[in-house]
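Structural description and commentary
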Protein chains: 4
Amino acid sequence: MAKIKAAIIGVTGYAGAEIARILNGHPEAEIVWYGSKSFAGQSFSDIYGNFRAFADEILQGEALAEAAASADVVFTATPQGFAASAMTKDILGQTKIIDLSADFRLKDVSVYERWYGITHASPQFLQEAVYGLCELKREEIRGARLIANPGCYTTCAILTLYPAVEAGLVDPDTLIVDAMSGVSGAGRGAKTDNLFCEVNENAKPYGVTVHRHTPEIEAALSEAAGREVRLTFTPHLIPMNRGILATCYATLTKDVSAEALREVYEKRYGAEPFIRLLPEGRYPETRFVEHSNLLDLQVTVDKRTRRLVLTGALDNLVKGAAGQAVQNMNLLFDLPEETGLQTVPAVP
Amino acid sequence: MAKIKAAIIGVTGYAGAEIARILNGHPEAEIVWYGSKSFAGQSFSDIYGNFRAFADEILQGEALAEAAASADVVFTATPQGFAASAMTKDILGQTKIIDLSADFRLKDVSVYERWYGITHASPQFLQEAVYGLCELKREEIRGARLIANPGCYTTCAILTLYPAVEAGLVDPDTLIVDAMSGVSGAGRGAKTDNLFCEVNENAKPYGVTVHRHTPEIEAALSEAAGREVRLTFTPHLIPMNRGILATCYATLTKDVSAEALREVYEKRYGAEPFIRLLPEGRYPETRFVEHSNLLDLQVTVDKRTRRLVLTGALDNLVKGAAGQAVQNMNLLFDLPEETGLQTVPAVP
Amino acid sequence: MAKIKAAIIGVTGYAGAEIARILNGHPEAEIVWYGSKSFAGQSFSDIYGNFRAFADEILQGEALAEAAASADVVFTATPQGFAASAMTKDILGQTKIIDLSADFRLKDVSVYERWYGITHASPQFLQEAVYGLCELKREEIRGARLIANPGCYTTCAILTLYPAVEAGLVDPDTLIVDAMSGVSGAGRGAKTDNLFCEVNENAKPYGVTVHRHTPEIEAALSEAAGREVRLTFTPHLIPMNRGILATCYATLTKDVSAEALREVYEKRYGAEPFIRLLPEGRYPETRFVEHSNLLDLQVTVDKRTRRLVLTGALDNLVKGAAGQAVQNMNLLFDLPEETGLQTVPAVP
Amino acid sequence: MAKIKAAIIGVTGYAGAEIARILNGHPEAEIVWYGSKSFAGQSFSDIYGNFRAFADEILQGEALAEAAASADVVFTATPQGFAASAMTKDILGQTKIIDLSADFRLKDVSVYERWYGITHASPQFLQEAVYGLCELKREEIRGARLIANPGCYTTCAILTLYPAVEAGLVDPDTLIVDAMSGVSGAGRGAKTDNLFCEVNENAKPYGVTVHRHTPEIEAALSEAAGREVRLTFTPHLIPMNRGILATCYATLTKDVSAEALREVYEKRYGAEPFIRLLPEGRYPETRFVEHSNLLDLQVTVDKRTRRLVLTGALDNLVKGAAGQAVQNMNLLFDLPEETGLQTVPAVP
């Protein structure tokens, strides 16, 4: 069988480069288009020295239509608004699109425009787009043309909370997501705020009560709850390259034993290739999932306060972006979901 | 006036060394006893090269009675159980004790023994001991002989939540403290878990639902609420040397505007020399308080969920340990509270 | 063909765990013995959470003879002295040994004993042992039974300097190796010196003029020079997990152009799968080789001082330890040298 | 006595902010002008949150003449070229100038223009300017109007090598300076290269054979040697906020014992308030001088190769910039040199 021809628009961003890294080791795909707005004309390995001798290709631009014409699948790892602006019926007719921005994640265009503060350029594709959280939408993804790849915080928060909410163990009005992220989540743009000396030896919250991932988490958990959910989400920036750790809180609706809680999660995720429910007494650590597509989970009952404390960890650039995008590609092309994604994380 | 003679037991731990650093720049105190169990007989500056030419004294042991005989105040920066075991009426009769361990923080000895898993060796002093959270106990501290210096997480969590709880703005049954700490909080013991390569590039929760600082936070907030409070507390370890950031959640009992909330905090803390309520839109960052005795605060109303998000940052070794200990010393000896503690944090 | 059966003694050290990680993705090998002195009886993935679901095997002890009986190759990633003490003719008769310690690296037992300060327990195997620096000893390795896998600093320093010395471009009496290493090079032992807070935000030299890797570097470069070489080597510890960067200095014996210098290196290393001579103007960075078996190199003529500045970077746990060990295994078993080692480094 | 009125141009850069921090604790100086090109009109503490409640002043522009008119001393912590362009006879007639850029460091304008690649706008002031390396130029500094404050690498390299060169112990043609710096040395400009994720977990050389600090080091050591010196200087960037560690190499001209070498350094620096020659067997570590004006030194004879290995560590923003600038101010205004600079470094 011929290999899947893949185009990456935005390959010089952190998520784009990570797609390139993963596809480089993928047995069934090859990259035919390295697209970059800022560095077109230069060699990819001159921007990312790690790729020297692996991918010395000259970077092309970010013409989506052109990339789509030459590829079986196009990954758009681009800023908010790009994919919505460039999308056309023709493009969707000739290739699969996996968009890593938020452009097609929210079904309600008004919610998108309120939280992102930009006008959506192609709301006509919102209904068709499938939210690419593989563990929840596997079947819909297989037949899709346009995948809205989930955000990093959202993947972590949703997968960590979903089973408890779905099983009705917790009151949906009490959900709180407190999360921390490594700095690569902020992208590769040259901003003072992300300089080493501004971020190192520092921890800070940001986007308090207004972070854009909030409605995306709420949308998925509303599905789980069967009714509208509103929650509080607080992200923090901490001094490490990669990783998201989410600590989630929810008040129990009834007495639940630790065993019963575990069972709910095991039933939901027992067969999932990328989710590891940790043994009792062990908690997720970002280093144990770094560079992999894994999500590590632990679920705890706080009997004193009748609350659940649910913790999850993933690599924001892999399961939170590029890895999940490739997982989506595998689903789209009927490959085993793990293809090209079976990495043992490296420690230290 | 003669200078205050200070003894430090446990001076080669991180908190102990930090007391030495602060007292070195304190105009009204001098260190007369550098006590260390592990390094007695060696020069202090051979253990802490930063002190070379500032404090080359030979380290003495940790004989509390002997240190007490030669000092006006003794700081015990020692493991749980040491101060309780070594304390006597005679010692308390001849010197002031500022204990940085948890030994005298909890009034109820059964709570101490349950959470710490050790038998308390001198419960007879528990009632006399004053909890040295200066902003709340200032008057009691002035006349005390035995100060129980608060924990690092607890100082941050209590000061961040106190005014809202005290003012009845929030339901005391909904309090959640989610906090992260730099690694110095784990001490200088040679443990694999705290090696650079185990901690760097990693974030993890620990002590989930069972961390020992929980009852201490609850005790203080119970005072604020006027009734017993139970809360959920989750600490996390993140890769930086110093700093604690606490993000606290609480459900409102009634509609409160951002302005009204601010007013409660300004009224409570407006005259405090070490608390900075940040301007609207700015959030605490640990780097902005590092090496100082400051606590930075921000208070936010999440209207969508009727919750407060209260964030505080401090340096765990200063306001969370050594700085507060010196603040307590200043109170004990009728000095202006800021004496020796007016440092501008260094950034970066 | 049956897979190569591999045993790892010392699998819970950083180098040992890295062998496990690499072999986990190796198509022609399987691990049959996870050996650990400290953690025998526990599950490997309880020590290294990254291996959960990949290698949950119960750890065995470090009985070399027993491991040798069950394996085609044994990796000893153990402290100095272990392999020398445990080695026997029988063991060498039944399996291949790749020793990652220094025990068999130096041909002259008196040099070993002087620099390491321990008596060598089996000098009778020194002559048979082959120094496993694959790029220099490829042919000898293929037929060997006992491989002395080189040290991390030494691999970097030797490969960086070798071609210039061999070509007679530089005066062998002027060689200086100034190198820095990430903290994983110090191992996983619970030592205060390697605690996060002792190492983070710090740079320091150590082992100045007396580091044990010196004679190993000298031995290889003496071969290159065709006469005895003595050099100055200064290692430094810097706050990162992995990576070695060596900056080497040597005075030219004659005028050499940048082009001529490059040519010497290209001729020597042009066909090497794991050495990348960087384009002019680009210098090695440890991040671009992290987690890979690559060595990045740049060679510069300092015309003003008639010196060469030769810079090399590798991952101390891969090309500097586990990766090279697997490269040696591939040579021993007639596999293509790159098998299981073709990783694109991940950035960031 | 009235306090010294100080102006800082470029106060929002890292070195400028560090001057503000030090002067904030200086008993004899007050800041009357906070100058910033990029942030004029905003509050200083809105840019540097650490200064909140300490320095909330509104930032002024960078009009040197205006600042000079209102201040006894002006610190220009500005990019190359600014001070040379703005300097006039009138300005020098009414205030003292301490310039932290390289504009007035090199006496030979052609050397400046060759290494910096810009035309010098006011070469007429070069002869008058005094090179402000206090330990070497103390007397000249006292009477000066225009101080060229040395670079960070240069201060470290010069002070580390000077006594050995001056004493004729080493061959001046064999000097090599290999140094590493924390990231704050690269400034606060928004450059991709200095983003956290580009710098963290990475070590790299840069400016190999062409770094601009080379002629400055050579000029001072030429004075020490009594003849022209050319040397090789290689800087490296490593992942920490602050600190420079220089490891210097030089070949002995004759047999020198460790004691004799020490004596040379003790004689030269024994009375210096900011230089600590470490006890034998201990080596400089950047953490032990962080946030202080100290330089830690160790000198070692490598008998095997007849070389000296001389190591020095300082804080690039303090002794390498702002601290030395204040030390210069103290000299200019006849204050004890240590005034405002007697800080114990904080560890960790």
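To continue, consider the overall build of chain A. If you tally the helices and strands in chain A, you get 12 helices and 13 strands. The C-alpha radius of gyration computed for chain A amounts to 20 Å, which stays within 12% of the reference 20 Å derived for 348 residues, consistent with globular compactness. For chain A, the C-alpha atoms occupy an extent of roughly 60 × 45 × 40 Å along the three principal directions. The buried share of chain A, reckoned over its 348 residues, is 66%. Considering only intrachain contacts with a sequence separation of at least 6, the fraction spanning at least 24 residues in chain A is 69%. Total accessible area on chain A stands at roughly 11000 Å², and carbon and sulfur atoms take up 48% of it.

Our next topic: the pattern of salt bridges. All names here are of chain A. Counted under the stated rule, the structure contains 92 salt bridges over all chains. Residue Lys 137 is joined to Glu 223 by a salt bridge in which the shortest nitrogen-to-oxygen separation is 2.9 Å. Here Lys 137 is found in helix α7 (residues 134-142), whereas its partner Glu 223 is found in helix α10 (residues 214-225), with 86 residues between them in sequence. Its relative accessible area of 14% is what places Lys 137 among the buried residues. The class of Glu 223 is exposed, set by a relative accessible area of 52%.

So, on to the relation of the copies chain A and chain D. By a simple turn and slide, chain A fits onto chain D: the slide is 0.0 Å along the axis, the RMSD is 0.0 Å, and the turn is 180 degrees. Classification of the inter-copy transformation places it as that of a two-fold axis.

One copy of the chain maps onto the second through a rotation around an axis plus a translation along that axis. Rotating chain B by 180 degrees and moving it 0.0 Å along the rotation axis overlays it on chain A with an RMSD of 0.0 Å. A shared binding surface is used by both copies, with 100% of the interface residues of chain B retained as interface residues in chain A.

All names here are of chain C. Of all 8 residues that make up strand β12 (residues 295-302), 8 are buried, and the element is covered over most of its length. Burial of the side chains of β12 extends over both faces: Leu 295, Leu 297, Val 299 and Val 301 are buried on one face and Asp 296, Gln 298, Thr 300 and Asp 302 on the other. As judged from the 3 bridges shared by strand β11 (residues 275-277) and β12, these two strands associate in the parallel manner. Residue pairing across strands places Arg 276 opposite Asp 296, the latter belonging to β12.

Attention shifts here to the packing of helix α8 (residues 152-166) of chain B against helix α10 (residues 214-225) of chain B. All names here are of chain B. Interhelical geometry of α8 versus α10 gives an angle of 20 degrees and a closest axis separation of 9 Å. Put simply, α8 runs roughly parallel to α10. In terms of crossing hand, the pair formed by α8 and α10 is right-handed. Residues Thr 154, Ala 157, Ile 158, Leu 161, Tyr 162, Val 165 and Glu 166 of α8 touch α10, and the partners they reach there are Glu 216, Ile 217, Ala 220, Leu 221, Glu 223, Ala 224 and Ala 225.

Chain A puts 19 residues into the contact, and the matching count from chain D is 19 residues. Both faces combined, the contact of chain A with chain D buries some 1600 Å², and carbon together with sulfur accounts for 60% of it. It is Leu195(A), Phe196(A) and Cys197(A) in chain A that bury the most area against chain D; as a group they hold 39% of the surface buried on that side. Between Arg188(A) and Glu198(D) there is a salt bridge; the shortest N-O distance is 3.1 Å. The residue inventory of the side of chain A that touches chain D, partitioned by class, reads 9 nonpolar, 6 polar and 4 charged.

Disulfide: a covalent bond connecting the sulfur atoms of a pair of cysteines. Counted under the stated rule, the structure contains 0 disulfides over all chains. Note on Cys248(B): no disulfide assigned, nearest cysteine sulfur contributed by Cys156(B) at a separation of 7.0 Å.

It is worth spelling out the domain arrangement of chain A at this point. Residues and elements named next belong to chain A. Each domain of chain A was delimited in the assignment, giving domain 1 (4-128) and domain 2 (153-315). In this structure, domain 1 and domain 2 have C-alpha centres spaced 27 Å apart. At the junction of the two partners, domain 1 supplies 13 residues and domain 2 supplies 13 residues. Carbon and sulfur atoms supply 57% of the area that domain 1 and domain 2 bury against each other, a total of about 1100 Å² over both sides. On the domain 1 side of the interface with domain 2, the three residues burying the most area are Tyr 14, Trp 115 and Tyr 116, jointly 53% of the side's total.

With that out of the way, let us pick up the sheet that holds strand β1 (residues 4-9) of chain A. Strand pairing in a sheet relies on backbone hydrogen bonds, with the paired strands running either antiparallel or parallel. Residues and elements named next belong to chain A. Strand order in this open sheet of 6 strands is β2-β1-β3-β4-β6-β5, and the pairing throughout is parallel. Each end of this open sheet is capped by a strand with a single partner; those strands are β2 (29-35) and β5 (130-131). The sheet contact formed by β5 and strand β6 (residues 146-148) spans 2 bridges and is parallel. Pairing of Tyr 131 across the sheet is with Ala 148, part of β6.

This next bit is on helix α12 (residues 318-332) of chain A. Structural remark: α-helix, 3.6 residues per turn; residues separated by three or four positions point the same way. All names here are of chain A. Between the first and last C-alpha of α12 there are merely 18 Å, a value that for 15 residues lags more than 12% behind the 21 Å anticipated at 1.5 Å per step. Of all bends in α12, the biggest is about 45 degrees, found at Gln 324. The buried fraction of α12 is high, at 15 of 15 residues. One or two residues past the end of α12 sits Asp 334, with phi positive at roughly 60 degrees.

All names here are of chain D. In contact at an axis separation of 9 Å, helix α7 (residues 134-142) and helix α12 (residues 318-332) are set at 35 degrees when each is read in the N-to-C sense. By crossing handedness, the relation of α7 to α12 is classed as right-handed. Only Lys 319, Gln 324, Gln 327, Asn 328, Leu 331 and Leu 332 of α12 make contact with α7, whose side of the interface consists of Cys 134, Glu 135, Arg 138, Ile 141 and Arg 142. Of the residues assigned to the contact of α7 with α12, the class counts are 4 nonpolar, 3 polar and 4 charged.

Cut-offs used in this document
Residues numbered from 1 in each chain as written. Chains lettered and ligands numbered in written order. Predicted model: local features only at pLDDT ≥ 70, side-chain atom pairs only at ≥ 80, totals over all residues. Heavy atoms only, no water. Helix = DSSP H or I, 4+ residues; strand = E, 2+ residues; numbered from the N terminus. Rg over C-alpha atoms; globule rule 2.2 N^0.38 Å. Buried < 20%, exposed > 50% of the residue type's maximum accessible area, 1.4 Å probe, protein only. Contact = heavy atoms within 4.5 Å. Areas by Shrake-Rupley, 256 points an atom, 1.4 Å probe, with all protein chains shown as cover. Salt bridge = Lys/Arg side-chain N within 4 Å of Asp/Glu carboxyl O. Least-squares fit on C-alpha atoms with pLDDT ≥ 70 in both. Pairing = 2+ DSSP bridges. Axes fitted to C-alpha atoms, helices over the stretch in contact; angles between N-to-C directions. Parallel < 35°, antiparallel > 145°, perpendicular 65-115°, else oblique. Left-handed = near helix turned anticlockwise from the far one by under 90°. Buried area = accessible area lost by both parts, 1.4 Å probe. Nonpolar A, V, L, I, M, F, W, Y, C, P; charged D, E, K, R; others polar. Disulfide = S-S within 2.5 Å. Domains from an automatic or database assignment. Expected span 1.5 Å × (residues − 1). Bend = angle between axes of the 7 residues up to and from the residue.

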